[in-house]
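Each chain is listed here by its residues.
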Amino acid sequence: MTNPDDPRLLRLAEEDNVCAVRSVVPLGESIRIAGVEYPVTAEIPTGHKIAVRPIAAGEKVVKYGAPIGSATRPIQPGDYVHTHNLKSDYLPTYTRQSGKHHLD
Amino acid sequence: MNGYARPAGRKGIRNVVVVAYLVECAHHVAREIALAYRQRGVHLIGFPGCFPNAYADRIMRQVTTHPNVGAVLLVSLGCESFDRGGLAETVAASGRPVHTVVIQASGGTTASIAEGRNWVEKALQSLAATPRVPIDLSELVVGVICGGSDATSGLTANPAVGRASDLLIEQGATVIFEETGELIGCEKFMAARAASTELGREIIASVEKAARYYTAYGHGSFAPGNAEGGLTTIEEKSLGAYSKSGRSTICGLIKPGEVPPRGGLHLMDVVPDGEPRFGFPNISDNAEIVEMIASGAHVTLFTTGRGSVVGSAISPVIKVCANPETWRRMGEDMDINAGRILDCAADLDEVGREIFDCVVKTSAGQPTRSEALGHQEFILTYK
């Protein structure tokens, strides 16, 4: 039986709806998640997150078996998950862009 | 392994002379004294402020009487408010040679540098006779921190350090982890691992305090590089950082500068009590390392994904590289390649054992990469 997950996926806990990737996943490839092939809609750098289940806007994003924030828009399996679709439930994330604003 | 005997108290794994400036105005003179002996275990530390601060006073007393320190030269301008007499008494009471150069009394820059170097020369000669004594892992204090974190930190280096921490604690060692501001979201998990329900409540309160403190500043303990490295939220960074603590029971909550009274795993509460006063609790990674040293750390395990190069004055830093791409780019600065876990070339237990072995070798005297490259960072500010 073949592995239901692409070997680049690193599942940290069974209940997670995102995985880390062990190496870069290029745009345009497809990736196998739980036996189903999904298109990769953006390049995912090493260690970054990919959705492995559909996540509704407002739903908790779960990694390490624990919530790491809430989705700000609907997310499909195979989507890159980062600051464009996930936000903290505690403190806003500080980026170079928001940092410029911060210093104004 | 053999350590260095100290007249009173804990044994060291290094035998360092520290030259400490007590105000920025004395920094240049102190640096000129120390630089001449940089290859011979003379480290520069100091506090830049002219106004008194109880925290800085406590940290300076702790680091100048750290087990890795054999002798202390204080460099004062003369008119700053630092309690140089009290600090010198504390060092003398610990049985260490201590001398204070007061620049205004010594006649200025050149005379002060000459006086300081003269004293350091003699101190180095006397330290060469420091007795070597066996030191056991149970006598060791190890700090664990992360810096320059990216999304790989919490996948490889941090959980591997957690494994090493568990191995060290099994041998009776003391391990300190920290940054309550980087444990936001993990407070309930930590409370469940606390030795008592009372301690569990204190841990939750310390993280809530950190969240309030950082909220007052408008953002968490999160640098733009963290997001570029794939960490999206403080909770995610926290969960990755939390894995450095392994699975041992959390047996105490300490303040910076407080030495854990017994072995086992301790959490350091780095955020001051009360209203925010002097800015961010730790302005950079080395501020965290200094607090670890002030709490007795003989060695600090430092995990990094983005790639940090730092070491420290007084206590060696072992760098555990999380990211295989960073290892390929900056390998000379790294002691341990944990990134190979991502490449499936090693598992967490193997790398955890390798980190444990590196702590043993470092404690026995083997220089870490940052020591070999001459790193001796130190920073202490108001808190």
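A look at the overall build of chain A
Scanning chain A from terminus to terminus reveals 1 helix and 9 strands. Start at the N end of chain A and walk to the C end: the helices and strands fall as β-β-β-β-β-β-β-β-β-α. A total of 104 residues make up chain A; the buried ones form 45% of that total. Taking as baseline every contact in chain A between residues at least 6 positions apart, the subset at least 24 positions apart corresponds to 46%. For chain A, the exposed surface amounts to about 5300 Å²; the carbon and sulfur share of it is 56%.

Quick word on unusual backbone geometry
You will see that Ala34(A), though not glycine, has its phi angle at about 50°, which is positive. The topology assignment puts Ala34(A) in the loop between strand S3 (30–33) and strand S4 (36–39). Here the phi dihedral of Ile314(B) falls at roughly 75°; this positive angle occurs in a residue that is not glycine. Here Ile314(B) lies in the loop between strand S11 (299–304) and strand S12 (317–321).

What to know about the interface of chain A and chain B
Residue-level contacts link 30 residues of chain A with 35 residues of chain B. A buried area of about 2600 Å², summed over both sides, lies between chain A and chain B, and 62% of it is on carbon and sulfur atoms. Our enumeration of links across chain A and chain B arrives at 2 salt bridges. Where Lys49(A) meets Glu236(B), a salt bridge forms, and the shortest distance between an N and an O atom there is 2.9 Å. For the interface between chain A and chain B, the tally reads 16 residue pairs in polar contact (both at pLDDT 80 or more). Of all the secondary structure elements, the ones that give two or more residues to the side of chain A that touches chain B are strand S7 (66–71), strand S9 (86–87) and helix H1 (96–103) of chain A. Sort the elements by how many residues they give to the side of chain A that touches chain B and S7(A) lands first, with 4 residues. Of the residues contributing to the side of chain A that touches chain B, the split by class is 14 nonpolar, 10 polar and 6 charged.

Considerations on the sheet that holds S7(A)
Residues and elements named next belong to chain A. Strand order across the open sheet formed by 3 strands is S6-S7-S9, with antiparallel pairing between neighbours. The two strands at the open ends of the sheet, each matched to only one other strand, are strand S6 (60–63) and S9. For S6 and S7, the ladder comprises 4 bridges, and the chain directions are antiparallel. Within S7, the position partnered with Lys 63 by the bridge is Ala 66.

Considerations on the nonpolar core
Residues and elements named next belong to chain B. Of all hydrophobic cores here, the largest spans 101 residues; its most connected members are Ile 45, Met 60, Val 63, Met 190 and Ile 355. The two domains that each donate at least three residues to this core are domain 1 (2–133) and domain 2 (137–372). In contact with Met 60, other than residues within four places in its own chain, are Ala 20, Tyr 21, Leu 22, Ile 45, Gly 46, Phe 47, Phe 82, Leu 87 and Leu 380. Membership of the second largest hydrophobic core comes to 24 residues, among which are Val 17, Ala 26, Trp 119 and Leu 124.

Quick word on the sheet that holds strand S5 (residues 49–51) of chain A
An order of S1-S2-S5-S8 (chain A) is seen for the 4 strands of this open sheet, with the pairing classed as antiparallel. The sheet terminates laterally at strand S1 (9–10) and strand S8 (80–81) of chain A, the two strands that pair on one side only.

A word on the environment of Thr304(B)
Residue and element names in this part refer to chain B. Within the secondary structure layout, Thr 304 lies in strand S11. Of the residues examined, Thr 304 reaches a relative accessible area of 0% and is grouped as buried. In sequence terms Thr 304 and Met 334 are 30 residues apart; their C-alpha atoms lie 9.1 Å from each other. For Thr 304, the contacting residues outside a window of four places in its chain are Gly 147, Gly 148, Ser 153, Val 320, Cys 321, Ala 322, Asn 323 and Met 334. Engagement of the side chain of Thr 304 in a polar contact is seen with the backbone nitrogen of Ser 308, the distance being 3.1 Å.

Observations regarding helix H8 (residues 197–217) of chain B
The end-to-end C-alpha distance of H8(B) is 31 Å, a good match for the 30 Å that 21 residues give at a rise of 1.5 Å each. Buried residues along H8(B) sit in contact with helix H7 (187–192), strand S9 (250–254) and strand S10 (264–268) of chain B.

Notes on the domain arrangement of chain B
Residue and element names in this part refer to chain B. Per the domain assignment, the segments of chain B are domain 1 (2–133) and domain 2 (137–372). Here the C-alpha centroids of domain 1 and domain 2 sit 28 Å apart. Taken together, the 21 residues of domain 1 in the interface contact 24 residues of domain 2. Summed over both sides, the interface of domain 1 with domain 2 buries roughly 1700 Å², with 55% coming from carbon and sulfur. Counting every contact that joins domain 1 to domain 2 gives 2 salt bridges. Summed over the shared surface of domain 1 and domain 2, the number is 14 residue pairs in polar contact (both at pLDDT 80 or more). For the side of domain 1 that touches domain 2, the secondary structure elements donating two or more residues are strand S2 (16–21), strand S3 (42–46) and helix H2 (54–64). In terms of residue count, H2 provides more of the side of domain 1 that touches domain 2 than any other element does, 5 residues in total. Its residues placed into classes, the side of domain 1 that touches domain 2 shows 10 nonpolar, 7 polar and 4 charged.

Side note on the environment of Val271(B)
Residues and elements named next belong to chain B. Within the secondary structure, Val 271 sits in the loop between S10 and helix H11 (285–294). Here Val 271 falls in the buried class, since its relative accessible area comes to 2%. Between the C-alpha atoms of Val 271 and Ala 297, which are 26 residues apart in sequence, the distance is 19 Å. Contacts of Val 271, omitting those with residues within four sequence positions, involve Thr 180, Lys 209, Ala 210, Tyr 213 and Pro 281.

Things to note about the pattern of salt bridges
Side-chain pairs of opposite charge can arise whenever the charged atoms involved come near each other. As enumerated under the stated definition, the model contains 23 salt bridges over all chains in all. The salt bridge partner of Asp6(A) is Arg8(A), with a shortest N-O separation of 2.9 Å. Of the residues examined, Asp6(A) reaches a relative accessible area of 9% and is grouped as buried. Arg61(B) is the partner of Asp83(B) in a salt bridge, and the nearest nitrogen-oxygen pair spans 3.3 Å. Separated by 22 residues along the polypeptide, Asp83(B) in the loop between strand S4 (69–76) and helix H3 (84–93) and Arg61(B) in helix H2 bring together distant segments of the chain. Residue class for Asp83(B) comes out partly exposed when judged on its relative accessible area of 39%. A relative accessible area of 23% means that Arg61(B) is categorised as partly exposed.

Scoring rules and cut-offs
Residues numbered from 1 in each chain as written. Chains lettered and ligands numbered in written order. Predicted model: local features only at pLDDT ≥ 70, side-chain atom pairs only at ≥ 80, totals over all residues. Heavy atoms only, no water. Helix = DSSP H or I, 4+ residues; strand = E, 2+ residues; numbered from the N terminus. Buried < 20%, exposed > 50% of the residue type's maximum accessible area, 1.4 Å probe, protein only. Contact = heavy atoms within 4.5 Å. Areas by Shrake-Rupley, 256 points an atom, 1.4 Å probe, with all protein chains shown as cover. Buried area = accessible area lost by both parts, 1.4 Å probe. Salt bridge = Lys/Arg side-chain N within 4 Å of Asp/Glu carboxyl O. Polar contact = N/O pair within 3.5 Å; in protein donor to acceptor, adjacent residues only side chain to side chain. Nonpolar A, V, L, I, M, F, W, Y, C, P; charged D, E, K, R; others polar. Pairing = 2+ DSSP bridges. Core = buried A, V, L, I, M, F, W, Y, C linked by side-chain atoms within 4.5 Å. Domains from an automatic or database assignment. Expected span 1.5 Å × (residues − 1).

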